Amino acid sequence: QVQLVESGGGLAQPGGSLRLSCAASGFTFSRYGMSWARQAPGKGLEWVSGIYRDGSTTYYLDSVKGRFSISRDDAKNTVDLQMNNLRPEDTALYYCAKSHSFQASNRTYEYDYWGKGTQVTVSS
């Protein structure tokens, strides 16, 4: 069965960095777009970044552009999110998600599998 397991979350200071990783299994990883989304306390789910199946196209939420970078390794079946210059407002539970197609849009209803999430807390 499809499994998505996130790791790499933790506590970071403002301006610091974290690297999230998602290990995928149970499907042909290279055929699908992948994304990261987050949910802050008391708020709804927010798409953060997506990457097409071949890695040629990436998209970012405006508030993370220039700070976050998404990448994938089809040999390892992983998708990573490098987060730099973190801000307190980045604090959230971060989820990895599998797209239902080769694309990776900002529409969360286009994702058919989700991980359980990894917590990111940005605080001094």
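Further up the page is the structure itself.
Enquirer: What should I look at first to understand the overall build of the protein chain in this one?
Expert: Across its full length, the protein chain holds zero helices and 11 strands. Each helix (α) and strand (β) of the protein chain, taken in turn from the N terminus, gives the series β-β-β-β-β-β-β-β-β-β-β. Overall, the C-alpha framework of the protein chain stretches about 40 × 25 × 25 Å when taken along its three principal axes. A buried classification covers 44% of the 124 residues belonging to the protein chain. Across the protein chain, contacts joining residues at least 24 apart in sequence account for 58% of those joining residues at least 6 apart. With an accessible surface of roughly 6300 Å², the protein chain has 45% of that area assigned to carbon and sulfur atoms. Side-chain charges of the protein chain comprise 13 positive and 11 negative groups, with the mean position of each set lying 1 Å from the other.

Enquirer: I tried to follow the sheet that holds strand S8 (residues 78-83) on my own but got confused; where do I start?
Expert: Sheet strands line up and pair through hydrogen bonds in the backbone, either parallel or antiparallel. Ordered in space as S1-S3-S8-S7, the four strands form an open sheet in which the pairing is antiparallel. In this open sheet, the two edge strands, each paired with only one partner strand, are strand S1 (3-7) and strand S7 (68-73). The average undirected angle you get between the axes of adjacent strands in this sheet is 15 degrees.

Enquirer: How should I be thinking about the environment of Phe68 in this particular structure?
Expert: For Phe68, the location among the structural elements is in strand S7. Sequence separation between Phe68 and Met34 is 34 residues, and the spatial gap between their C-alpha atoms is 15 Å. Ignoring anything within four residues of it in the chain, the contact list for Phe68 reads Arg38, Val48, Tyr60, Leu81, Gln82, Met83, Asn84, Leu86, Asp90 and Tyr94.

Enquirer: Can you walk me through the pairing of strand S11 (residues 118-122) in this structure?
Expert: For a regular strand, side-chain orientation follows a simple rule: the groups alternate between the two sheet faces. Burial along S11 is one-sided: Thr118, Val120 and Val122 are buried, and none of Gln119 and Thr121, which face the opposite way, are. Inspection of the sheet shows strand S9 (residues 92-99) paired to S11 by three bridges, in the antiparallel sense. Note that in S11 the partner of Ala92 across the bridge is Val120.

Enquirer: Can you walk me through the state of the cysteines in this structure?
Expert: Defined simply, a disulfide is a covalent bond joining two cysteines at their sulfur atoms. If you walk through the whole model with that rule in mind, you get one disulfide. The partner cysteine of Cys22 in its disulfide is Cys96, sulfur to sulfur 2.1 Å. Handedness of the Cys22-Cys96 disulfide follows from its S-S torsion of about -75 degrees: it is left-handed. Within this pair, whereas Cys22 is found in strand S3 (residues 18-25), its partner Cys96 is found in strand S9, the two being separated by 74 residues in sequence.

About the thresholds
Residues numbered from 1 in each chain as written. Predicted model: local features only at pLDDT ≥ 70, side-chain atom pairs only at ≥ 80, totals over all residues. Heavy atoms only, no water. Helix = DSSP H or I, 4+ residues; strand = E, 2+ residues; numbered from the N terminus. Buried < 20%, exposed > 50% of the residue type's maximum accessible area, 1.4 Å probe, protein only. Contact = heavy atoms within 4.5 Å. Areas by Shrake-Rupley, 256 points an atom, 1.4 Å probe, with all protein chains shown as cover. Lys, Arg positive; Asp, Glu negative; His and termini not counted. Charge placed at Lys NZ, Arg CZ, Asp CG, Glu CD. Pairing = 2+ DSSP bridges. Axes fitted to C-alpha atoms, helices over the stretch in contact; angles between N-to-C directions. Disulfide = S-S within 2.5 Å.

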